[in-house]
Amino acid sequence: MIHLKTQEEVELLRENNLLVSATLAEVGKHIKPGITTLQLDAIAEQFIRSHGAVPGFLGYGGFPNTLCVSVNEQVVHGIPSDYALREGDIVSVDCGTIMKGFYGDSAYTFAVGRIEPEIQQLLDVTKEALYKGVAQAKAGNRVGDISAAVQEHAEKNGCSVVRELVGHGLGRNMHEDPEVPNYGARGRGPLLKEGMVICIEPMINLGTKYVVFERDGWTVRTRDRKPSAHFEFAVAIGKGGADVLTDFSIIENALKA
Ligand code: MG
Ligand code: MG
């Protein structure tokens, strides 16, 4: 069942997703060779709580931390650890909040120092694929229009789309209907209506699309161990188009500073 949101509810979701964006910016400032992913997690938890919210992932389905931190071949759901980031790594940081009864959920993949050009291209293609999907997120379109736009952009650029994990509706629950796959056919799937809030979150691999679920019960990695990137926006479907509730400019300005 798809829950349509009032404008007041959309604003509460925006508050949450802007806090997630600010948290990712704070985390991004600390991403340097030598910092451990558990240290990044502590920074995020403290930041979220100091802004009057609660980490959305902590305890969700038993997840042990505030952030999902997925390095290099890890696709999503990596558990923070004492792994120290190294020059040339990429690190996908997925973050959630709960505040005023609603969730925030967004993700960004960061470069650690200088990275290989083909890995930079993977980051660029994944972020562009997200934007292509967002351009289709308008009332009257279908979920498949988003999915196809993401898939076409990734595959046209020689990358592959993870099938096992998908985007989703967002509201009083972190995962609501509809599912928003990153692959599919135009004109198929649920109709997009004003008041729907969805997370569009391409998970794009440099090599094969196939993934492995690790024995820790959480981490998903690429089967060929080539790198994977993940960018996620929460968007509200408006009459004229997508109202993006996440703000990457907060993150990117923090990285430039
Ligand atoms: Mg997420
Ligand atoms: Mg999500």
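Parameters at a glance
Every residue gets a number counted from 1 within its own chain, in the order that chain's sequence is written. The naming scheme follows written order: chains are lettered A onward, ligands numbered 1 onward. A pLDDT threshold of at least 70 governs which residues receive local features in this predicted model, and a stricter bar of 80 or more applies before side-chain atom pairs are shown or counted, although totals over entire chains, interfaces and linings include all residues. As a convention, hydrogens and water are excluded, and side-chain values are obtained from all of the structure's heavy atoms. Coordinating N, O and S atoms are those within 2.8 Å of the metal (3.2 Å for Na, K and Ca), and as water is not part of the atoms, a site may appear to have fewer donors than expected. Only DSSP runs of H or I covering at least 4 residues are called helices, and only runs of E covering at least 2 are called strands; the numbering of each starts at the N terminus. Burial here depends on accessible area, computed with a 1.4 Å probe over protein chains only, as a share of the maximum for the residue type. Under 20% is buried, over 50% is exposed, and the range in between is partly exposed. At least two bridges found by DSSP between two strands is the condition for calling them paired. Axis definition: a line fit to C-alpha positions, over the contact stretch in the case of helices; interaxial angles, taken between N-to-C directions, run 0 to 180 degrees. To estimate the expected span of a helix, subtract one from its residue number and multiply by 1.5 Å. Residue contacts follow a heavy-atom distance rule, with two residues in contact if any of their heavy atoms lie within 4.5 Å. The criterion for an aromatic pair is that two Phe, Tyr or Trp rings (for Trp, the six-membered ring) have centres within 6.5 Å, with stacked assigned to planes under 30 degrees apart, edge-to-face to planes over 60 apart and tilted to the rest. Counting as a charge over the ring demands two things of the Lys NZ or Arg CZ atom: a distance within 6 Å of the ring centre and an angle within 35 degrees of the ring normal.

The protein atoms that coordinate the magnesium ion (ligand 1) are Asp94 (OD), Asp94 (OD), Asp105 (OD) and Glu232 (OE), at distances spanning 2.0 to 2.5 Å. We note that the donor set of the magnesium ion (ligand 1) lies within a single chain, spaced as D-x10-D-x126-E. Between the magnesium ion (ligand 1) and the magnesium ion (ligand 2) the interatomic distance amounts to 3.1 Å, and Asp105 serves as a bridging ligand to the pair. One end of the pair, Asp94, is in strand E4 (residues 90–99); the other, Asp105, is in strand E5 (residues 102–111), with 11 residues separating them in the sequence. Just as Asp94 is buried, Asp105 falls in that class too.

Looking at the magnesium ion (ligand 2), the protein donor atoms are Asp105 (OD), His168 (NE2), Glu201 (OE) and Glu232 (OE), and they sit 2.1 to 2.2 Å from it. Written as a sequence motif, the donor residues of the magnesium ion (ligand 2) are D-x62-H-x32-E-x30-E.

Strands in a sheet are paired, the pairing made by backbone hydrogen bonds, and the direction either parallel or antiparallel. Strand order in the open sheet formed by five strands is E8-E7-E9-E14-E15, with antiparallel pairing between adjacent strands. The open sheet has two free edges, formed respectively by strand E8 (176–180) and strand E15 (242–244), since each of these has just one partner strand. Pairs of neighbouring strands in the sheet enclose a mean axial angle of 30°, with direction left out of account. Pairing between strand E7 (residues 167–169) and E8: two bridges, direction antiparallel.

Spanning 19 residues, helix H3 (residues 117–135) covers 27 Å between terminal C-alpha atoms, matching the ideal 27 Å at 1.5 Å per step. By the burial criterion, the buried members of H3 are Ile119, Leu122, Leu123, Val125, Thr126, Lys127, Ala129, Leu130, Gly133 and Val134.

Spatially, E6-E10-E13 is the arrangement adopted by the three strands of the open sheet, whose pairing is antiparallel. This sheet does not close on itself; its edge strands, each paired only once, are strand E6 (160–161) and strand E13 (228–230). Pairing analysis gives two bridges linking E6 to strand E10 (residues 203–205), with the strands arranged antiparallel. Counterpart to Val161 in the pairing with E10 is Ile204. The strands touched by H3 within the sheet are E10 and E13, with E13 carrying the most contacts at an inclination of about 35°.

Here we come to the packing of aromatic side chains. Under the defined criterion, the tally for this structure stands at seven aromatic pairs. The interplanar angle of 50° and the centroid separation of 4.9 Å between the aromatic rings of Tyr108 and Phe110 together place this pair among those described as tilted. We classify Tyr108 as buried; its relative accessible area is 6%. Here the aromatic rings of Phe233 and Phe248 are separated by 4.5 Å at their centres, their planes lie at 50°, and the arrangement is tilted. Taken together, the residues Phe233 in strand E14 (residues 233–237) and Phe248 in helix H5 (residues 248–256) connect sequence positions 15 residues apart. Accessibility assignment for this pair places Phe233 and Phe248 in one class, buried. Taken together, Tyr108, Phe110, Tyr131, Phe231, Phe233 and Phe248 form an aromatic cluster joined through their ring pairs. Stacked on the ring of Tyr183, the Lys or Arg Arg163 has its end atom at 4.8 Å from the ring centre.

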